[in-house]
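What follows is each chain in one-letter form.
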Amino acid sequence: MTGALAVNNAEYQWDLFDSESYQQSNYATLHELDQIMIPLLAQFFDKRELPEHARAIDVGPGANLYPAMAMLPFAETITLWEYSSANVDWLRQEISGYRPSWDDFWQALVRSCDRYRDIRPAELLPRVVEIEKGSIFDLEEGRWDLGTMFFVAESITGMLEECAAATVKFVRSLRPGAPFVATFMEGSRGYVVGDQTFPAVEVTAQDVLGILRGVASDVTLYPVQSPQLFRHGYDGMMLVTGVRSGTADQRVRHGSGSGTNQRKEWSA
Ligand SMILES: C[S@@+](CC[C@H](N)C(=O)[O-])C[C@H]1O[C@@H](n2cnc3c(N)ncnc32)[C@H](O)[C@@H]1O
């Protein structure tokens, strides 16, 4: 974390988040890094035992629909928990009739796992999605059965303690034993959306694993890197799978090293 970015979440104007610009910059096409992350996401949830009427949550969806799409086969409801009123408005519109570019993300899910094959996401999303405007810091504890949080905890603040508090809030919003997938920018120094600058914390794999120790078990961290990084101002991405602890299994796998590709897991 640099001194210049030692700012907190409340200091930024999240309602001025330019959703359309963010979508165009990051999700107008299916990028290589998303093609790496999508199978990890789909296959992780597919392997978990989930209740029949599972309630899912994606925290801080912004203008990204694919974490919610990834939970469609596994959930009866999907809450999109978003803080920015601009993103809430954008999500309401997009969920009611999403643009064709999301079809490539859906096809990547279909290629990853059979559970997606018979679903029509454009029809199902408006039926199962509930959009709630709220802060990650106000999430109720133990309410959801599975969850995702993509590029949120480290990209809403310049303070490591606040990033840690947000991550813990997300994990604790799940019931004990519930699976989650979270992604983090590695070494991000902030980002620009439209004409607004937003903060970030330069987290490392060790930071993320340290934050999760105590709230999550069965944690695996996948470094996600590519020679063609398309989001500038960071070193790579990390995708983490795990389960909210509170059961007997408190195991957290962690290790060291700087992976250069997606399949290199961190393990003890
Ligand atoms: C870098 S964007 C990530 C968007 C999206 N999840 C993705 O994968 O690209 C960070 C998101 O966190 C949201 N956010 C900012 N402060 C928040 C808070 N206190 N609680 C929940 N979400 C917040 C922003 O509005 C934005 O949608």
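What counts as what
- Residues numbered from 1 in each chain as written.
- Predicted model: local features only at pLDDT ≥ 70, side-chain atom pairs only at ≥ 80, totals over all residues.
- Heavy atoms only, no water.
- Helix = DSSP H or I, 4+ residues; strand = E, 2+ residues; numbered from the N terminus.
- Buried < 20%, exposed > 50% of the residue type's maximum accessible area, 1.4 Å probe, protein only.
- Contact = heavy atoms within 4.5 Å.
- Areas by Shrake-Rupley, 256 points an atom, 1.4 Å probe, with all protein chains shown as cover.
- Pairing = 2+ DSSP bridges.
- Axes fitted to C-alpha atoms, helices over the stretch in contact; angles between N-to-C directions.
- Expected span 1.5 Å × (residues − 1).
- Salt bridge = Lys/Arg side-chain N within 4 Å of Asp/Glu carboxyl O.
- Near = heavy atom within 4 Å.
- Polar contact = N/O pair within 3.5 Å; in protein donor to acceptor, adjacent residues only side chain to side chain.
- Nonpolar A, V, L, I, M, F, W, Y, C, P; charged D, E, K, R; others polar.
- Core = buried A, V, L, I, M, F, W, Y, C linked by side-chain atoms within 4.5 Å.
- Phe/Tyr/Trp six-rings, centres within 6.5 Å; stacked < 30°, edge-to-face > 60°.

Draft legend 1. Just the overall build of the protein, in detail. For the protein, the helix and strand inventory stands at eight helices and nine strands. The buried share among the 268 residues of the protein stands at 58%. Counting contacts in the protein only where the partners sit at least 6 residues apart, residues at least 24 apart contribute 79% of the total. For the protein, the accessible area works out to roughly 11200 Å², and carbon and sulfur atoms hold 46% of it.

Draft legend 2. Seen up close, the sheet that holds strand S5 (residues 179-186). Strand order across the open sheet formed by seven strands is S3-S2-S1-S4-S5-S9-S8, with mixed pairing between neighbours. The open sheet has two edge strands, strand S3 (129-133) and strand S8 (216-224), and neither has a second partner. Along the sheet, successive strands turn relative to each other by an average axial angle of 15°, direction set aside. With four bridges joining them, strand S1 (residues 55-59) and strand S4 (residues 146-150) adopt parallel strand pairing. Bridged to aspartate 58 within S4 is threonine 148.

Draft legend 3. Focus on helix H7 (residues 160-172). A rise of 1.5 Å per residue sets the reference length of H7, with its 13 residues, at 18 Å; its end C-alpha atoms lie 18 Å apart and thus fit the reference within 8%. The complete set of buried residues in H7 reads Glu162, Cys163, Ala164, Ala166, Thr167, Val168, Phe170 and Val171. In this structure, the buried residues of H7 make contact with S1, S4, S5, helix H8 (205-212), S8 and strand S9 (236-244).

Draft legend 4. Spotlight on the pattern of salt bridges. Applying the stated criterion across every chain yields a total of 11 salt bridges. The residue arginine 175 makes a salt bridge to aspartate 145 at a minimum N-O spacing of 2.8 Å. Here aspartate 145 lies in the loop between S3 and S4 and arginine 175 lies in the loop between H7 and S5, a separation of 30 residues in the sequence. A relative accessible area of 4% means that aspartate 145 is categorised as buried.

Draft legend 5. The site of the ligand, seen in detail. Around the ligand sit 21 residues, and of these Tyr22, Tyr27, Gly60, Glu82 and Ile136 come closest. Separating a nitrogen atom of the ligand from a side-chain N or O atom of asparagine 9 is a distance of 3.0 Å. Contact between the ligand and tyrosine 22: an oxygen atom at 2.5 Å from a side-chain N or O atom of the residue. Coverage of the ligand by the protein chains reaches 99% of its 600 Å² of free accessible surface. Among the residues making up the shell around the ligand, the classes are represented as 11 nonpolar, nine polar and one charged.

Draft legend 6. Molecular detail of helix H4 (residues 85-96). Counted at 1.5 Å a residue, the expected span for H4 with its 12 residues is 16 Å, and the 17 Å between its end C-alpha atoms agrees. Among the residues making up H4, those that are buried are Ala86, Asn87, Val88, Trp90, Leu91, Glu94 and Ile95. Those residues of H4 hidden inside the fold are in contact with helix H1 (19-27), strand S2 (77-82), helix H5 (102-112), helix H6 (121-128) and S3. Where H4 starts, the residue carrying a side-chain oxygen 3.3 Å from the main-chain nitrogen of alanine 86 turns out to be serine 84.

Draft legend 7. Fine view of the pairing of S8. When you tally the buried positions in S8, you get nine out of nine residues, the bulk of the element. Pairing of S8 with S9 involves seven bridges; the strand directions are antiparallel. In the strand pairing of S9, serine 217 is matched with valine 243.

Draft legend 8. Seen up close, the nonpolar core. Residues Tyr66 and Ile78 are the most contacted members of the largest nonpolar core, which totals 92 residues. It is helix H2 (residues 32-47) that provides the largest number of residues to this core, a total of nine residues. Every residue in contact with isoleucine 78, bar those within four places of it in the chain, is listed here: Ala56, Ala68, Met71, Leu72, Val128, Val129 and Glu130.

Draft legend 9. Quick peek at the packing of aromatic side chains. Following the criterion strictly, the structure yields 21 aromatic pairs and no others. Relative to tyrosine 66, the ring of tyrosine 27 lies with its centre 6.2 Å away and its plane at 75°, an arrangement referred to as edge-to-face. Separated by 39 residues along the polypeptide, tyrosine 27 in helix H1 and tyrosine 66 in helix H3 (residues 66-71) bring together distant segments of the chain. As far as the burial class goes, tyrosine 27 and tyrosine 66 line up, both buried.

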